[in-house]
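Topology and contacts: notes
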Amino acid sequence: MDIKQAIKFNLNSSNYLVNGYLADLSDGDLLIRPVPGTNHIAWQLGHLIAAERMLVEKAVPGSMRPLPEGFAERHKKSTAGSDNPADFLTKAEYLRLAESVRANTLEVVEKLAEGDADKSAGQGGPPFLQTVGDTLLFISGHWLMHAGQWAIVRRKLGRAPLF
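Right, let's walk through the structure included here.

Quick notes on the rules
- Residues numbered from 1 in each chain as written.
- Predicted model: local features only at pLDDT ≥ 70, side-chain atom pairs only at ≥ 80, totals over all residues.
- Heavy atoms only, no water.
- Helix = DSSP H or I, 4+ residues; strand = E, 2+ residues; numbered from the N terminus.
- Buried < 20%, exposed > 50% of the residue type's maximum accessible area, 1.4 Å probe, protein only.
- Polar contact = N/O pair within 3.5 Å; in protein donor to acceptor, adjacent residues only side chain to side chain.
- Core = buried A, V, L, I, M, F, W, Y, C linked by side-chain atoms within 4.5 Å.
- Expected span 1.5 Å × (residues − 1).
- Patch = residues over 30% accessible without salt bridge, like charges linked within 9 Å, V, L, I, M, F, W, Y side chains within 5 Å.
- Areas by Shrake-Rupley, 256 points an atom, 1.4 Å probe, with all protein chains shown as cover.
- Salt bridge = Lys/Arg side-chain N within 4 Å of Asp/Glu carboxyl O.
- Contact = heavy atoms within 4.5 Å.

Okay, the side chain of Asp116 next. The residue Asp116 is located in the loop between α4 (91-111) and α5 (132-156) in this model. Using a relative accessible area of 17% as the deciding quantity, one classes Asp116 as buried. At 2.7 Å, the side chain of Asp116 forms a polar contact with the backbone nitrogen of Ala113.

The next point concerns the nonpolar core. Residues Leu22, Ile41, Leu45, Ile49, Leu136, Trp143 and Trp150 are the most contacted members of the largest nonpolar core, which totals 40 residues. Here the element with the most residues in this core is helix α2 (residues 41-59); it accounts for 10 residues.

Let us now look at α2. Taking 1.5 Å per residue as the helical rise, α2 with its 19 residues ought to reach 27 Å, and the 26 Å between its terminal C-alpha atoms agrees with that figure. Most of α2 is tucked away: 17 of the 19 residues are buried.

A few words now on a nonpolar patch on the surface. A cluster of nonpolar side chains, Tyr16, Leu162 and Phe163, forms an exposed patch at the surface whose accessible area comes to about 360 Å². Summarising the element assignment, Leu162 is placed in the segment after α5.

Let us now look at the environment of Val132. Its place among the elements puts Val132 in helix α5. On the basis of relative accessible area, Val132 is assigned to the buried category, the value being 4%. C-alpha of Val132 to C-alpha of Lys58: the two residues are 74 residues apart in sequence and 8.6 Å apart in space. When residues no more than four places from it in sequence are discounted, the contact partners of Val132 are Ala59, Val60, Leu112, Asp116, Ala117, Lys119, Ser120 and Ala121.

Further remarks concern the pattern of salt bridges. Scanning the model with the defined rule gives 8 salt bridges in all. Close ionic contact of Glu110 with Lys8 constitutes a salt bridge, the shortest N to O distance being 2.5 Å. Separated by 102 residues along the polypeptide, Glu110 in helix α4 and Lys8 in helix α1 (residues 3-22) bring together distant segments of the chain. Here the salt bridges share partners, and the residues they tie into one network are Asp24, Asp29, Arg154 and Arg159.

This is the structure:
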(Lines give C-alpha, C1' and ligand atoms only; values in the text may rest on other atoms or scores of the structure.)
Protein backbone atom coordinates (compact mmCIF):
# COMPACT_ATOMS: atom_id res chain seq x y z
CA MET A 1 0.00 0.00 0.00
CA ASP A 2 1.37 3.42 -0.90
CA ILE A 3 0.61 6.77 0.75
CA LYS A 4 -2.17 7.65 -1.72
CA GLN A 5 -3.91 4.33 -1.05
CA ALA A 6 -3.54 4.83 2.72
CA ILE A 7 -5.02 8.34 2.56
CA LYS A 8 -7.93 7.17 0.39
CA PHE A 9 -8.61 4.19 2.68
CA ASN A 10 -8.66 6.44 5.76
CA LEU A 11 -10.96 8.98 4.09
CA ASN A 12 -13.34 6.30 2.81
CA SER A 13 -13.49 4.36 6.08
CA SER A 14 -14.12 7.47 8.16
CA ASN A 15 -16.82 8.47 5.69
CA TYR A 16 -18.51 5.09 6.22
CA LEU A 17 -18.58 5.58 10.01
CA VAL A 18 -19.71 9.21 9.79
CA ASN A 19 -22.58 8.34 7.46
CA GLY A 20 -23.58 5.46 9.72
CA TYR A 21 -23.82 7.74 12.76
CA LEU A 22 -25.84 10.34 10.84
CA ALA A 23 -28.14 8.03 8.85
CA ASP A 24 -31.12 7.98 11.21
CA LEU A 25 -30.73 11.43 12.75
CA SER A 26 -33.17 14.21 11.89
CA ASP A 27 -32.38 17.86 11.30
CA GLY A 28 -33.57 18.55 14.85
CA ASP A 29 -31.33 15.82 16.26
CA LEU A 30 -28.33 17.65 14.81
CA LEU A 31 -29.00 20.53 17.23
CA ILE A 32 -28.96 18.42 20.40
CA ARG A 33 -26.14 19.10 22.84
CA PRO A 34 -25.28 16.01 24.90
CA VAL A 35 -24.34 18.24 27.84
CA PRO A 36 -24.35 22.03 28.22
CA GLY A 37 -21.40 23.75 26.62
CA THR A 38 -20.68 21.06 24.02
CA ASN A 39 -21.01 21.60 20.29
CA HIS A 40 -23.99 20.15 18.49
CA ILE A 41 -23.61 18.04 15.37
CA ALA A 42 -24.84 20.72 12.95
CA TRP A 43 -22.06 23.10 13.95
CA GLN A 44 -19.52 20.29 13.96
CA LEU A 45 -20.47 19.25 10.42
CA GLY A 46 -19.93 22.78 9.17
CA HIS A 47 -16.65 22.99 11.06
CA LEU A 48 -15.44 19.68 9.59
CA ILE A 49 -16.39 20.60 6.04
CA ALA A 50 -14.69 24.00 6.29
CA ALA A 51 -11.64 22.48 8.01
CA GLU A 52 -11.21 19.76 5.38
CA ARG A 53 -11.29 22.30 2.60
CA MET A 54 -8.89 24.62 4.44
CA LEU A 55 -6.43 21.83 5.25
CA VAL A 56 -6.29 20.45 1.72
CA GLU A 57 -5.97 23.94 0.28
CA LYS A 58 -3.13 24.66 2.73
CA ALA A 59 -1.35 21.45 1.73
CA VAL A 60 -1.95 21.79 -2.02
CA PRO A 61 -2.68 25.46 -2.79
CA GLY A 62 -5.19 26.13 -5.53
CA SER A 63 -6.57 22.60 -5.43
CA MET A 64 -9.96 23.00 -3.73
CA ARG A 65 -13.18 24.44 -5.07
CA PRO A 66 -14.65 27.23 -2.92
CA LEU A 67 -17.32 26.66 -0.30
CA PRO A 68 -20.60 28.55 -0.60
CA GLU A 69 -20.13 32.18 0.31
CA GLY A 70 -20.17 32.74 4.07
CA PHE A 71 -20.19 29.02 4.92
CA ALA A 72 -16.87 28.93 6.79
CA GLU A 73 -17.75 32.11 8.70
CA ARG A 74 -21.08 30.56 9.81
CA HIS A 75 -19.15 27.66 11.38
CA LYS A 76 -16.33 29.45 13.20
CA LYS A 77 -15.70 28.88 16.88
CA SER A 78 -17.64 32.03 17.75
CA THR A 79 -20.85 30.60 16.24
CA ALA A 80 -20.74 27.24 18.05
CA GLY A 81 -23.03 28.45 20.83
CA SER A 82 -26.02 29.14 18.59
CA ASP A 83 -29.07 26.90 18.94
CA ASN A 84 -31.02 28.76 16.27
CA PRO A 85 -31.91 26.28 13.49
CA ALA A 86 -31.85 29.15 10.98
CA ASP A 87 -28.11 29.53 11.59
CA PHE A 88 -27.44 26.03 10.25
CA LEU A 89 -28.11 23.87 7.21
CA THR A 90 -30.26 20.78 6.99
CA LYS A 91 -28.66 17.38 7.31
CA ALA A 92 -29.17 16.79 3.58
CA GLU A 93 -27.43 20.08 2.76
CA TYR A 94 -24.48 19.27 5.02
CA LEU A 95 -24.16 15.79 3.55
CA ARG A 96 -24.24 17.08 -0.04
CA LEU A 97 -21.57 19.66 0.72
CA ALA A 98 -19.45 17.15 2.65
CA GLU A 99 -19.69 14.73 -0.29
CA SER A 100 -18.61 17.45 -2.72
CA VAL A 101 -15.65 18.52 -0.58
CA ARG A 102 -14.61 14.89 -0.04
CA ALA A 103 -14.78 14.19 -3.79
CA ASN A 104 -12.55 17.22 -4.34
CA THR A 105 -10.15 15.98 -1.64
CA LEU A 106 -9.97 12.55 -3.28
CA GLU A 107 -9.24 14.20 -6.64
CA VAL A 108 -6.33 16.03 -5.02
CA VAL A 109 -5.02 12.80 -3.49
CA GLU A 110 -5.27 11.02 -6.83
CA LYS A 111 -3.19 13.74 -8.52
CA LEU A 112 -0.33 13.56 -6.00
CA ALA A 113 2.96 12.72 -7.66
CA GLU A 114 5.68 10.57 -6.15
CA GLY A 115 7.24 12.49 -3.26
CA ASP A 116 4.46 15.11 -2.95
CA ALA A 117 3.34 13.70 0.41
CA ASP A 118 6.76 14.60 1.86
CA LYS A 119 6.57 18.25 0.78
CA SER A 120 5.88 21.02 3.28
CA ALA A 121 2.20 21.68 3.91
CA GLY A 122 2.77 25.41 4.25
CA GLN A 123 1.79 27.76 7.05
CA GLY A 124 -1.41 27.81 9.10
CA GLY A 125 -3.36 25.00 10.63
CA PRO A 126 -2.24 22.82 13.52
CA PRO A 127 1.54 22.96 14.03
CA PHE A 128 1.90 19.17 14.03
CA LEU A 129 0.81 19.00 10.38
CA GLN A 130 4.12 19.61 8.69
CA THR A 131 3.82 17.74 5.38
CA VAL A 132 1.20 17.23 2.70
CA GLY A 133 0.95 13.60 3.81
CA ASP A 134 0.52 14.52 7.49
CA THR A 135 -2.25 16.91 6.58
CA LEU A 136 -4.17 14.59 4.28
CA LEU A 137 -3.92 11.69 6.73
CA PHE A 138 -5.15 13.88 9.59
CA ILE A 139 -8.47 14.73 7.91
CA SER A 140 -10.02 11.31 8.50
CA GLY A 141 -8.97 11.33 12.16
CA HIS A 142 -10.51 14.78 12.61
CA TRP A 143 -13.85 13.51 11.29
CA LEU A 144 -13.66 10.41 13.48
CA MET A 145 -12.89 12.42 16.62
CA HIS A 146 -16.07 14.40 16.09
CA ALA A 147 -18.10 11.33 15.11
CA GLY A 148 -17.15 9.81 18.46
CA GLN A 149 -18.95 12.74 20.07
CA TRP A 150 -22.02 11.99 17.95
CA ALA A 151 -22.19 8.52 19.46
CA ILE A 152 -23.06 10.22 22.76
CA VAL A 153 -25.90 12.17 21.13
CA ARG A 154 -27.17 8.92 19.62
CA ARG A 155 -27.19 7.25 23.04
CA LYS A 156 -28.97 10.27 24.55
CA LEU A 157 -31.64 9.78 21.87
CA GLY A 158 -31.99 6.10 22.81
CA ARG A 159 -30.24 4.73 19.72
CA ALA A 160 -28.30 1.48 20.01
CA PRO A 161 -24.52 1.56 19.45
CA LEU A 162 -23.60 1.04 15.80
CA PHE A 163 -19.94 0.19 15.84
